Amino acid sequence: MSYCVNCGVELDATARACPLCHTPVQNPNRPVDAELPPPFPSRRKEVQPASKKELALLISAMFASVAVLCGVLNLFFLHSGRPWSLYVVGAAVMLWLWLVPPLLLRGMPLWVRLLLDSCAVGVYVYLISIDLHGQRWFLGLALPIILTGGAIVTALGLILSRGRSILSSVTLIIGAVGLFVVGIELFVDRWMGGSYEPGWSIVVATVCIALIIPLLVVRHRPALRDEARRRFHM
Ligand SMILES: [Zn+2]
């Protein structure tokens, strides 16, 4: 039994050099055995990457079978006069759109992904509104909120995909949240009473602005920015 003189690792009888630190092995009492097969393969092989197509197929099959099974149950066995399976089918479609297209389309821009995700949420809420006979609230309240949220998220994805710093990204995300919250209250007020009276959303938006101002100051002061980067390991 030989040990590496440099790092002390136990050496195989066939090793000409230490596998860890590459120090040549010289043991006069036990010369290197060239006859025995080496313990490690001499040729490097690539590890087969996980197939994204197979994973996408598996996820699709899983969602499809859940949707079909629930549809069949709803139609023939558990039909209480309500299309409850629409909830499951809608959730399956939404999750499928969230998970599978990004797997198949490599290099899909972030904003396209977010746009697709928003559309999926819209489709799901639409299916729910069919079951609850809520076409009015869907068109009057849910759709404007989803469209606004989708537009904000897509725009954010478009801006952020151009490689922003963490500081800029956080500032933009906080700003987007403030904008979205004001939009929600606007649509809720219009839906409930008609006129827009800013209330709780202004409080949230003010908090967002209060957070954005110091972030902007830090961003535009090189000394502060470098200090923030050091402290938060950015
Ligand atoms: Zn060694």
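Going by the structure above, here's the rest.
Predicted model only: the values in this text are computed from it and were never measured.

**Q** Quick one: what's the story with the overall build of the chain, residue by residue and with numbers?
**A** Check the secondary structure of the chain and you find seven helices and two strands. Helices (α) and strands (β) of the chain occur, in sequence order from the N terminus, as β-β-α-α-α-α-α-α-α. The C-alpha atoms of the chain give a radius of gyration of 30 Å, which is well past the 17 Å a tight globule of 234 residues would have. The burial tally for the chain puts 28% of its 234 residues in the buried class. Look at the contacts in the chain between residues 6 or more apart in sequence, and 45% of them connect residues 24 or more apart. Counting 20 positive and 13 negative side-chain charges, the chain places the centres of these two groups 8 Å from one another.

**Q** Mind laying out the environment of Gly122, listing which residues take part and the relevant values?
**A** As for its placement among the helices and strands, Gly122 is situated in helix H3 (residues 110-131). Distance in space between the C-alpha atoms of Gly122 and Phe138 is 9.5 Å, their sequence separation being 16 residues.

**Q** Provide a residue-level description of the environment of Leu75, including the pertinent values.
**A** Looking at the secondary structure, you find Leu75 in helix H1 (residues 52-77). Separated by 10 residues in the primary sequence, Leu75 and Ser85 place their C-alpha atoms 8.8 Å from one another.

**Q** Hey, could you go over the side chain of Ser2 for me, with residue numbers and the actual values?
**A** Secondary-structure assignment places Ser2 in strand S1 (residues 2-3). The buried category is assigned to Ser2, whose relative accessible area is 11%. A polar side-chain atom of Ser2 sits 3.0 Å from a polar atom in the side chain of Asn27. Once residues within four sequence positions are removed from consideration, Ser2 is found in contact with Val9, Glu10, Leu11 and Asn27.

**Q** Which residues make up the packing of aromatic side chains, and what values do they have?
**A** Taken as a whole, this structure holds one aromatic pair when the rule is applied. Measuring from centroid to centroid gives 5.2 Å for Tyr126 and Phe138, while their planes differ by 55°, and the two rings are tilted. Here Tyr126, found in helix H3, pairs with Phe138, found in helix H4 (residues 135-160); they are 12 residues apart in sequence, far enough to count as distant. By relative accessible area, Tyr126 is classed as partly exposed at 39%.

**Q** Please provide a residue-by-residue account of the coordination of the zinc ion, values included.
**A** Working reference: metal with six octahedral donors, ideal angles 90 or 180 degrees; metal with four tetrahedral donors, ideal angle 109.5 degrees. Distances from the zinc ion to its protein donors, namely Cys4 (SG), Cys7 (SG), Cys18 (SG) and Cys21 (SG), fall within the range 2.2 to 2.3 Å. For the zinc ion, the four donor atoms are set out with angles of 103 to 118° between them, so the coordination reads as tetrahedral. Within one chain, the residues serving as donors to the zinc ion are arranged as C-x2-C-x10-C-x2-C. Judged by its relative accessible area of 1%, Cys18 is buried. What makes Cys21 partly exposed here is its relative accessible area of 25%.

**Q** Report on the packing of H4 against helix H5 (residues 166-192), specifying residues and quantitative values.
**A** Following both chains from N to C, one finds H4 and H5 inclined at 165°, their axes separated by 10 Å at the closest point. Taken together, the axes of H4 and H5 are roughly antiparallel relative to one another. H4 and H5 meet at a crossing whose hand is right-handed. Counted together, Arg136, Trp137, Gly140, Leu141, Pro144, Ile145, Thr148, Gly149, Ile152, Leu156, Ile159 and Leu160 of H4 and Ser169, Leu172, Ile173, Ala176, Leu179, Phe180, Ile184, Phe187, Val188 and Trp191 of H5 form the full contact between these two elements. Partitioning the contact of H4 with H5 into residue classes produces 17 nonpolar, four polar and one charged.

About the criteria used
- Residues numbered from 1 in each chain as written.
- Predicted model: local features only at pLDDT ≥ 70, side-chain atom pairs only at ≥ 80, totals over all residues.
- Heavy atoms only, no water.
- Helix = DSSP H or I, 4+ residues; strand = E, 2+ residues; numbered from the N terminus.
- Rg over C-alpha atoms; globule rule 2.2 N^0.38 Å.
- Buried < 20%, exposed > 50% of the residue type's maximum accessible area, 1.4 Å probe, protein only.
- Contact = heavy atoms within 4.5 Å.
- Lys, Arg positive; Asp, Glu negative; His and termini not counted.
- Charge placed at Lys NZ, Arg CZ, Asp CG, Glu CD.
- Polar contact = N/O pair within 3.5 Å; in protein donor to acceptor, adjacent residues only side chain to side chain.
- Phe/Tyr/Trp six-rings, centres within 6.5 Å; stacked < 30°, edge-to-face > 60°.
- Donors = N, O, S within 2.8 Å, 3.2 Å for Na, K, Ca; no water.
- Tetrahedral: all angles 85-135°; square planar, octahedral: opposite > 155°, others 65-115°.
- Axes fitted to C-alpha atoms, helices over the stretch in contact; angles between N-to-C directions.
- Parallel < 35°, antiparallel > 145°, perpendicular 65-115°, else oblique.
- Left-handed = near helix turned anticlockwise from the far one by under 90°.
- Nonpolar A, V, L, I, M, F, W, Y, C, P; charged D, E, K, R; others polar.

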